[in-house]
Amino acid sequence: MANPLAGKVAIVTGATRGIGKGIALQLAKAGAVVYITGRTLKPRSDLPGCSLEEVAREISENSGQCIPIQCDHSKDEDIKALFDRVKEEQKGKLDIMVNNAYSAVNAIGEVMGKPFWEQPTTMWDTVNNVGLRNHYICSVYASQIMVPRKEGLIVNISSAGGLSYLFNVAYGIGKEACDRMAADCAIELRKHKVAFVSLWPGAVQTEHITKMMASEKGNDLKLPGIKPEVVKKIFENGETPQFAGMCIAKLALDPNIMQKTGKVLMTSDLANEYDLTDVNGRKPLGMRSVKTLLNYNGNTWLAAVVPRFLKVPLWMVALRGKKL
């Protein structure tokens with residue numbers, strides 16, 4: 001089918017750039033009517049290509065349907081107005097809710113390497129007001145629309161930082177809470193046939209990351225316990241921002257989606273399940289790939305003979321976050 005999501009209505013928060021923009025592009029390409037949100041509505045000379053109107057124009061030029069709505073996700077009244085508008089315009093219909101809005105990328109970068117007690121106490125709100133609290137509020141309003149219709153998919157964009165330490169304390173707490181939110185909300189939504197999942201993209205070549213890699217700051221990319229040159233290699237072989245959108249489009253079409261509700265899903269695993277190839281022509285291997293892990297640890301000769309399908313079992317991955 002050329003437009004498998006035709007007739008579906010989606011909201012993607014934080015869609016002016018990065019993963020949010022990529023998700024919006026893919027859902028619109030699949031035929032959904034996509035509402036996109038962000039703080040920047042009009043094009044700005046200091047942020048080229050990072051406004052809602054520019055994203056909407058790109059989607060329209062590719063025959064997609066997009067409705068940009070300026071929304072500050074730190075303001076409850078803005079969030080409510082968003083859902084009131086969607087509910088009115090779409091006659092009570094919402095099929096896909098993607099919680100992606102995040103406002104802490106620059107703040108996290110500025111304090112990288114500093115322990116939590118040397119960071120400003122405002123770091124908590126900077127990371128988790130939009131990146132966690134807002135996700136919950138959006139999920140409440142989305143569920144109010146989806147539950148009466150007995151269908152829908154809610155996705156929290158999370159990361160492996162929800163499993164073990166990554167970047168800083170506030171970040172990890174927020175991501176683990178996003179994962180737990182999906183698990184617990186799914187319990188209450190299950191009988192209403194509404195699915196709620198948490199999605200972990202791999203290393204993503206966002207505009208910010210791509211710009212860093214092309215500059216002298218490329219060596220400043222850091223992941224705990226991994227050498228800088230290896231981190232750079234990980235991102236050079238990473239996913240495009242659109243790959244998460246390809247995965248969500250497939251999830252929205254999956255007739256067995258309720259078997260996945262409440263779970264943490266990795267884009268690399270979904271790539272195998274749905275036989276997806278990224279827009280850059282690659283098939284992401286991800287954090288569970290034995291081949292990838294061997295390569296990044298310098299065992300290239302062994303990695304060359306290890307098959308692509310060999311993965312670290314999920315129970316072993318889960319042990320990294322064991323707290324008991």
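Residues numbered from 1 in each chain as written. Predicted model: local features only at pLDDT ≥ 70, side-chain atom pairs only at ≥ 80, totals over all residues. Heavy atoms only, no water.

Engineer: Could you clarify how one ought to interpret the sheet that holds strand β4 (residues 96-99) in this entry?
Structural biologist: To summarise the sheet geometry, strands pair through backbone hydrogen bonds and adopt either a parallel or an antiparallel arrangement. Strand order in the open sheet formed by 7 strands is β3-β2-β1-β4-β5-β6-β7, with parallel pairing between adjacent strands. Strands with a single pairing partner mark the edges of an open sheet, and in this sheet they are β3 (65-70) and β7 (264-266). Taken pair by pair, the neighbouring strands of this sheet meet at an average axis angle of 20°, ignoring direction. Two strands pair when backbone bridges link them, and strand β1 (residues 9-12) and strand β2 (residues 33-38) are joined in this way by 4 bridges, in the parallel orientation. Bridge pairing in β2 places Ile11 opposite Tyr35. Packed onto the sheet, helix α5 (residues 123-149) meets β4, β5 (152-157) and β6 (194-200) and runs at close to 170° relative to β5. (Pairing = 2+ DSSP bridges. Helix = DSSP H or I, 4+ residues; strand = E, 2+ residues; numbered from the N terminus. Axes fitted to C-alpha atoms, helices over the stretch in contact; angles between N-to-C directions. Contact = heavy atoms within 4.5 Å.)

Engineer: Would you explain the environment of Gln90 in this entry?
Structural biologist: Inspection of the secondary structure assignment puts Gln90 in the loop between α3 (76-89) and β4. Along the primary structure Gln90 and Gln119 are separated by 29 residues, whereas in three dimensions their C-alpha atoms are 44 Å apart. Beyond its immediate sequence surroundings of up to four residues, Gln90 is in contact with Val9, Val33, Tyr35 and Ile67. Within the structure, Gln90 has its side chain in polar contact with the side chain of Tyr35 (distance 2.9 Å). (Polar contact = N/O pair within 3.5 Å; in protein donor to acceptor, adjacent residues only side chain to side chain.)

Engineer: Any chance you could explain a positive patch on the surface here in plain terms?
Structural biologist: Together, Lys150, Arg190, Lys191, Lys193 and Lys263 line one region of the surface with positive charge. If you trace the backbone, Lys263 turns up in the loop between α9 (243-253) and β7. (Patch = residues over 30% accessible without salt bridge, like charges linked within 9 Å, V, L, I, M, F, W, Y side chains within 5 Å. Areas by Shrake-Rupley, 256 points an atom, 1.4 Å probe, with all protein chains shown as cover. Salt bridge = Lys/Arg side-chain N within 4 Å of Asp/Glu carboxyl O. Lys, Arg positive; Asp, Glu negative; His and termini not counted. Charge placed at Lys NZ, Arg CZ, Asp CG, Glu CD.)

Engineer: Got a minute to help me understand the environment of Leu25 in this structure?
Structural biologist: With respect to the helices and strands, Leu25 occurs in helix α1 (residues 18-29). With 152 residues separating them in the primary sequence, Leu25 and Ala177 have C-alpha atoms 27 Å apart. Look past the residues within four positions of Leu25 in its chain and what remains in contact with it is Glu58, Ile59 and Gln242.

So yeah, pure geometry; function would need other evidence.
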